[in-house]
Amino acid sequence: MRSCFAVALIFTLILPSFSFAADQSATSPTILAGYSPRSSQTERDWEAKFRAIPDPANLRSYMQRLSARPHHVGSPYDKDNAEWILAHFKEWGLDAHIEQFDVLFPTPKIRVLEMVSPTKFTAKLEEPALAIDPTSNQKSEQLPTYNAYSIDGDVTAPLVFVNYGLPEDYEKLDRLGISVKGAIVIAKYLHSWRGVKPKVAAEHGAIGCLIYSEPQDDGYTHDNVFPIGPMRPPDGVQRGSVMDFASNSPGDPLTPGVGATPDAKRLAVKDAKSITKIPVLPISYGDAQPLLAALAGPMAPEDWRGSLPIPYHVGPGPAQVHLKVAFNWDIKPVYDVIAKIPGSVEPDEWIIRGNHHDAWVNGAEDPISAQVSLLEEARGLSLLLKQGWKPRRTIIYCAWDGEEPMLLGSTEWVEAHADELREHAAVYINTDGNDRGPLNMNGSHSLEQFINGVARDIEDPETKMSVWQRAQLNAIADAKSADDKKEIRQRPDLRIGALGSGTDFTGFIDHLGIATLDMAYGGEDDGGIYHSIYDDFYWYTHFSDTNFVYGRAMAQTVGTSVLRLADAQVLPFDFTDFADTVGMYTKELQKLLADKQDEIRERNQEIEEGMFKATFDPRRPTVAPEKAEVPPHLNFAPMQNALDSLTRTSKHYQQSLSAVQPNLDNENFVAQLRVLNRELMETERRLTNPDGLPRRPWYKHLLYAPGVYSGYGVKTVPGVREGIEQKRYAEAEQEIVRVSKALEDDSSQIESASRQLDGMGK
Ligand SMILES: [Zn+2]
C-alpha cells in the first residue's frame, strides 16, 4: 500500500565516517564483494545479459491486463490475476504454485454519514465515473469507499476538527480547552498512518472518526485534479486499512502469530484485538467541506488550516453528525503466487523477492507498477537459465495477495513457514509501486553497502548517469546543512532509510529478523489517486512513468540485486555501515532525551514565571499546561560499549573478507563457505528477541519497528525511543540493556564469521 505521493522522498543523510572523493565512489569497484575476481567477472557478464532483457512494452501490456478490472481480496479478478501470474511463471519454465490462506476481510454493508443539525446534509460517499477514464465506470466490481477493520457502529454526536489526529494535535486541543469526549472527530489524511487516527481519537474518548483528503495535501493546491491533472478530484476518496497492526500484529486478525490455514485455530471476530475501537469512515473533501463549514468554536491553529474556501473552526459543533457503518465480516481466500528457482550449490539458502498483486480497486500504480517489474525480472531470470546460468542459492519469487487490508498474504505465508524461513532465508527484497524519479533505498543496514553497489551499475533513464549518482546529487540538493552536504559527498555509501511498515516486508524483518531491502523510483510526479478508483491504467499512462522506462530500471535494479545475492560465494553483508548507523541512533536517542529534559524544564519555568497568564487573551481563552516531571538521566553506557565492539568486529570482518576474497574459488572451501554463510544469515536474527517489544511481542526486531503512534513510519531502536517519547523511562532503561545485549550477540556472531574467514586464509 504505502502512499507514494504528497510525501517527500526522505533520504536520511548525516554524519560522515570515511573520506573518499565522490567521483571515486560513483563507479562500482571491479571485484564484487563476496566474489573472487574470476567469479566476479562471470557474474558481471550474467548481470549485463540480464539488464538487456526487461522491455517497457511488456511492462505496459502486463499493467493493462492486471489493472483491467478491480482486483481486491475476494473479487473474481483477484483470483483471475493470481492464475494469470501463475500461468506466466509456468510458461517461463519456473516451478510455481498458488498458496491459499483464508482470512477475515470485512466489506461494507451499510455506510451512512449525514449532518443532522444545524442544517441537513447527506454525504455522497461515491466516486463518480469519468467518461474519459475507461475503467472508472466498473461500478459493480468496485469496493465502496471505506476503511477496512473499522468496527460496526451507529453514533450521533457533535463534530470536532482535530487536524491530522496526532497525539500532539490533542495537546493543542487541550490548550484550547476542547475535549473530544463523546464527539465524532474529523481528521485530515497524512502525517500519520490512517489507522493511528481512530486509535488516538478513541484514547481521547471520541466515539467516531472521519478521515478526509485535504486538497492542500493531495488536491488542487498542487496541480489540476484528475482527469485534467494528476491530483485528487473533489469526490475522490482514499480507501485503506485501519487495522491496529502496529500495537498488535499485521495479517489475519483471527490467527495472530500463525498461518491462516484451513485447520488454524481462529479467534471470534469480537476477540480480534486489531479491529478499531470506534467506527471510522474515509471521505472526500467534497463531502467534508459542508461538515467543516458548519463548525464554530475557536479558529483552528494556523498550521491546521487547509485550502478549502472556508474558515477552519475546531468545534465542538454546532454540527451534529450521524455516522453509521456495518460490515460483512466474511472469511475470504487470498492467493499468494510462489515461484522457485532451485539453487545449484546452496539450495538451502534462499533469496526471496516479493510485491503484492491485490489492489483496493484497479491499482495500476499501487501495486501493479512494481508487480510488472517483478514479472519482467522473473522472465529475465528464466531466459538466463535457458542460456546456462545456474544460481548458487535458491531464488523465490512471490506475488502476494491481500496486502492492502494489512499484509495478509505475506504475513500468513511468513507465519506458516516461520521455521523454514528462520533456517533458510538470507535476504528478502520488496517493492510496492513505482513512479518516475530518483531511486529511494531502504533496508537493513548490513545491506547498505550492497545496494549502493547495485545502484552504481544501473543507468538512470532520464539523466543517463548512474541511479546512484542521481540519488546522491538529489540528496545534496535536499540536504539542509553544509555538514550534511559534505557527508553526502564524502561518505562512500549513501545512507539508506530504516524500514517501518506499510508493506509486505514487515513479517520478514520485524517478525523473523531476515535482512531486508525495499526500493522505489519516484518523487517527480505528484498524484492524488492513491487507493481511489482513479488509480488506473489511464492515470498511470498519462501522469506517471508513461513510457515505462522506470519500470525497466526497477526490473534491472531488483533483478541485478537478486542475481548478485544469489550467486555470491560469500553473502555480501557488510557491518561497517551498520555499526556507523547504530552509532548514529545512539547519539539520536541521547539527544532526544536531552531535548526533552530541556523542553520540560523550560516549560515548567514559563509556568512559574506566569507566562501563560501574561499571554492569555480573554476573548480567545486558552488553558495553561500543567507542570511536568523532568525526565531522569538514562544510562547509555551498555549501548556505547556494544557499539564499540560492533565497530571493532565489523572492521575485522571487512579485513578478513578482503584477505580471503582472491581465493574464494578454492574447491576445498565449499563446506567452510556454507558454515560462513550460515553465520552471516544469523547476524540479522541476532537483532531479534523472542519476547519481542514491550506490549507487542509479535515485533521481535529490537532495532526497527513501525511506531505505535506513527504506523508506517519507522521507530529505530523502538523500545528505547518509544520509552522516552511515551515517558516510560524505567522501561527505556531496561530496553537499553536488551538492545545492548542483542548488539553484543550480533558482534560475537560477526567475530565468529571473521574467524571462519581467517581459518580459510591459512
Ligand atoms: Zn501497495
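Here the structure is a predicted model, which is why all the values come from computation and not from measurement.

Caption draft 1: Main features of the confidence of the model for the protein chain. With 96% of its residues at a pLDDT of 70 or more, the protein chain has an overall mean of 95. Taken as a whole, residues 4–25 scores under 50 in pLDDT and shows 58 contacts with residues more than four places along the chain or in a different chain.

Caption draft 2: Here's a closer look at the pairing of strand 5 (residues 184–188). For strand 5, a buried count of five out of five residues is recorded, marking the element as mostly surrounded by other parts of the structure. Residue alternation in strand 5 divides its side chains into two sets, Ile184, Ile186 and Lys188 and Val185 and Ala187, and both sets are buried. The pairing of strand 4 (residues 153–161) with strand 5 spans three bridges and is parallel. Paired with Val160 across the strands is Val185, a residue of strand 5. As paired elements, strand 5 and strand 6 (residues 208–212) share five bridges and run parallel to each other. Each bridged residue has a counterpart across the sheet, and for Ala187 the counterpart in strand 6 is Ile211.

Caption draft 3: Quick peek at unusual backbone geometry. For the bond from Ser117 to Pro118, the omega torsion is 5°, close enough to zero to count as cis. In the segment running from Asp366 into Pro367, the intervening peptide bond is cis, with an omega of 10°. Within the secondary structure, Pro367 is located in helix 9 (residues 364–386). In this model, Phe548 sits at a positive phi of 60°, which is unusual for a non-glycine residue. Following the sequence through the fold, Phe548 ends up in the loop between helix 17 (537–543) and helix 18 (549–567). A positive phi angle, near 45°, is found at Val717, a position not held by glycine. In this fold, Val717 is placed in the loop between strand 16 (714–716) and helix 23 (718–725).

Caption draft 4: Representation of the packing of aromatic side chains within the structure. Counted under the stated rule, the structure contains 25 aromatic pairs. A ring pair is formed by Trp193 and Phe245, whose centres lie 4.9 Å apart and whose planes are at 85°; its orientation type is edge-to-face. Of this pair, Trp193 sits in the loop between strand 5 and helix 6 (196–203) while Phe245 is found in the loop between strand 7 (240–241) and strand 8 (280–283), placing the two residues 52 residues apart along the sequence. When its relative accessible area of 5% is taken as the criterion, Trp193 is described as buried. Here Phe245 falls in the buried class, since its relative accessible area comes to 0%. With centroids separated by 6.3 Å and ring planes inclined at 40°, the aromatic side chains of Trp539 and Phe543 adopt a geometry described as tilted. With Trp539 and Phe543 both in helix 17 and four residues apart, this pair spans about one turn of that helix. Joined through ring pairs, the aromatic side chains of Phe226, Tyr534, Tyr538, Trp539, Tyr540, Phe543 and Phe548 make up one cluster. Over the aromatic face of Trp350 sits the side chain of Lys340, whose NZ or CZ is 5.2 Å from the ring centroid. The ring of Trp468 has Arg456 sitting right over it, with the charged end atom 4.3 Å from the ring centre.

Caption draft 5: Here's a closer look at empty space enclosed by the protein. Applying the stated criterion to the full structure yields two cavities of 30 Å³ or more. Here the second largest cavity defines a volume of roughly 30 Å³. Around the second largest cavity, the lining residues are Ser446, Phe575, Phe578, Thr683, Glu684, Leu687 and Asp746. Residue composition of the lining of the second largest cavity, grouped by class: three nonpolar, two polar and two charged.

Caption draft 6: Representation of the pattern of salt bridges within the structure. Per the counting criterion, the structure on display carries 45 salt bridges. Residue Arg456 is joined to Asp493 by a salt bridge in which the shortest nitrogen-to-oxygen separation is 3.7 Å. Highlighted residues: Arg456 in the loop between helix 13 (448–455) and helix 14 (467–478) and Asp493 in the loop between helix 15 (482–490) and helix 16 (506–511), separated in sequence by 37 residues. Of the two residues, Arg456 and Asp493, both sit in the buried class. With a shortest N-O distance of 3.0 Å, Asp617 and Arg620 are connected by a salt bridge. Three or more residues are tied together by salt bridges with common partners; here these are Arg436, Asp460, Glu462, Arg470, Glu524 and Asp525.

How each quantity is defined
Residues numbered from 1 in each chain as written. Predicted model: local features only at pLDDT ≥ 70, side-chain atom pairs only at ≥ 80, totals over all residues. Heavy atoms only, no water. pLDDT = per-residue confidence, 0-100. Contact = heavy atoms within 4.5 Å. Buried < 20%, exposed > 50% of the residue type's maximum accessible area, 1.4 Å probe, protein only. Helix = DSSP H or I, 4+ residues; strand = E, 2+ residues; numbered from the N terminus. Pairing = 2+ DSSP bridges. Phe/Tyr/Trp six-rings, centres within 6.5 Å; stacked < 30°, edge-to-face > 60°. Lys NZ or Arg CZ within 6 Å of the ring centre and 35° of its normal. 1 Å grid on protein atoms, 1.4 Å probe; cavity = no way out; pocket = protein on both sides within 12 Å on 5 of 7 lines; lining within 4 Å. Points joined across faces, edges and corners; volume = space filled by probe spheres on them. Nonpolar A, V, L, I, M, F, W, Y, C, P; charged D, E, K, R; others polar. Salt bridge = Lys/Arg side-chain N within 4 Å of Asp/Glu carboxyl O.

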